Amino acid sequence: MVIIIPRIIKKIHKFPVPVFITYFLDSNLRRWLQPPAKMILRSGIKNGMKVLELGCGSGSCTLDIARVIGEEGRLYAMDIQPLMIQKLMRKLEKEENKKINNIETCVASAYELPFEQDFFDAVFLVDVLQEIPDAARALKEIHRVLKREGVLAISEFVIDTDYPLRKTTRRQCERAGYRLVRSRGNFLSYTLQFAKSG
Ligand SMILES: C[S@@+](CC[C@H](N)C(=O)[O-])C[C@H]1O[C@@H](n2cnc3c(N)ncnc32)[C@H](O)[C@@H]1O
């Protein structure tokens, strides 16, 4: 019931998750259930890449991505909710994270990404796409900022109230001009890697 009612509400009306959900998103339980390192590995993110984390929330994966891409890489952590970005910035200000200096944060919508075309090696989304009312429009905009040989990585987790089946995500992306390159994980938690098909 606790999961079913929000699911029904979100099917009828899509909206960004409220900020208090970050207590779960940032929890050790969530890190155990949906480990950032596993999603990053499955996404094909590597040292030196320029990455967009779209819908980064309070940054449950952000610091892990920053460590993987290293000093040669650059991570743009973006969310539509200013409060999410504020939470992420507070994390970055902590003493233990002061050495990480390859992250830029920004508040923007997936419909209008503030980047030039062919800019990113990878675009990384975790539990975000289904929250966007017009996912096709967002995917088209991602297509614009992704390099020709770039990777779009989409991870989904069954506990999320917007969880889509793998075939749903695949269909949406293929319609938007991507082709599936790799599919990893299982029904509970999966990551799909796409390339631009044209
Ligand atoms: C379920 S949260 C996941 C956050 C983070 N990716 C994680 O896994 O912890 C979804 C995030 O997507 C953001 N979001 C929703 N619609 C968006 C849009 N149109 N443009 C950018 N971000 C959006 C929300 O504000 C929220 O922070």
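The shown structure was predicted, so the numbers you read here are calculated from the model rather than taken from an experiment. (Residues numbered from 1 in each chain as written. Predicted model: local features only at pLDDT ≥ 70, side-chain atom pairs only at ≥ 80, totals over all residues. Heavy atoms only, no water.)

(A) Expanded view of the pattern of salt bridges. This structure, assessed with the given rule, holds nine salt bridges. For Asp64, the salt bridge goes to Arg31, with nearest N and O atoms at 3.2 Å. A residue pair is termed long-range when its members are at least 10 positions apart, and Asp64 in helix H5 (residues 62-69) and Arg31 in helix H3 (residues 28-33) qualify at 33 residues. Judged by relative accessible area, Asp64 falls into the buried class, the value being 17%. (Salt bridge = Lys/Arg side-chain N within 4 Å of Asp/Glu carboxyl O. Helix = DSSP H or I, 4+ residues; strand = E, 2+ residues; numbered from the N terminus. Buried < 20%, exposed > 50% of the residue type's maximum accessible area, 1.4 Å probe, protein only.)

(B) View of the sheet that holds strand S7 (residues 189-196). Ordered in space as S3-S2-S1-S4-S5-S7-S6, the seven strands form an open sheet in which the pairing is mixed. Each of the sheet's edge strands pairs with one partner strand only, and the pair in question is strand S3 (103-107) and strand S6 (178-185). Taking each pair of neighbouring strands and ignoring which way they run, the sheet shows an average axis angle of 20 degrees. Both S6 and S7 contribute to a ladder of seven bridges, which runs antiparallel. (Pairing = 2+ DSSP bridges. Axes fitted to C-alpha atoms, helices over the stretch in contact; angles between N-to-C directions.)

(C) View of H5. For H5, a buried count of six out of eight residues is recorded, marking the element as mostly surrounded by other parts of the structure. Phi for Gly70, located one or two positions after H5, is positive at around 70 degrees.

(D) Summary view of the site of the ligand. Around the ligand, the surrounding shell holds 22 residues, and the nearest of these are Arg30, Gly55, Ser60, Asp79 and Gln81. Within the side chain of Ser60, one N or O atom sits 2.6 Å away from an oxygen atom of the ligand. Ile80 places a polar main-chain atom, nitrogen or oxygen, 3.4 Å from a nitrogen atom of the ligand. Taken together, the residues that form the shell around the ligand break down as 13 nonpolar, five polar and four charged. (Near = heavy atom within 4 Å. Polar contact = N/O pair within 3.5 Å; in protein donor to acceptor, adjacent residues only side chain to side chain. Nonpolar A, V, L, I, M, F, W, Y, C, P; charged D, E, K, R; others polar.)

(E) Quick look at unusual backbone geometry. Backbone geometry at Asp118 places phi at a positive 55 degrees, although glycine is not the residue there. As for its position among the elements, Asp118 is in the loop between S3 and strand S4 (120-126). The class for Asp118 is partly exposed, based on a relative accessible area of 41%. We note that Asp127 has phi near 55 degrees; this positive angle belongs to a residue other than glycine. Mapped onto the elements of the fold, Asp127 is located in the loop between S4 and helix H7 (135-145). With a relative accessible area of 12%, Asp127 lands in the buried category.

(F) Local environment of the environment of Leu152. Residue placement: Leu152 occurs in strand S5 (residues 146-157). Taking the relative accessible area as the measure of exposure, Leu152 reaches 0% and is therefore buried. Taking the C-alpha atoms as reference, Leu152 lies 14 Å from Gly55; in sequence the two are 97 residues apart. Other than its neighbours up to four places away in sequence, Leu152 contacts Val123, Leu125, Leu139, Ile142, Leu146, Cys173, Tyr178, Leu192, Gln193 and Phe194. (Contact = heavy atoms within 4.5 Å.)

Read these as spatial facts, not as claims about activity.
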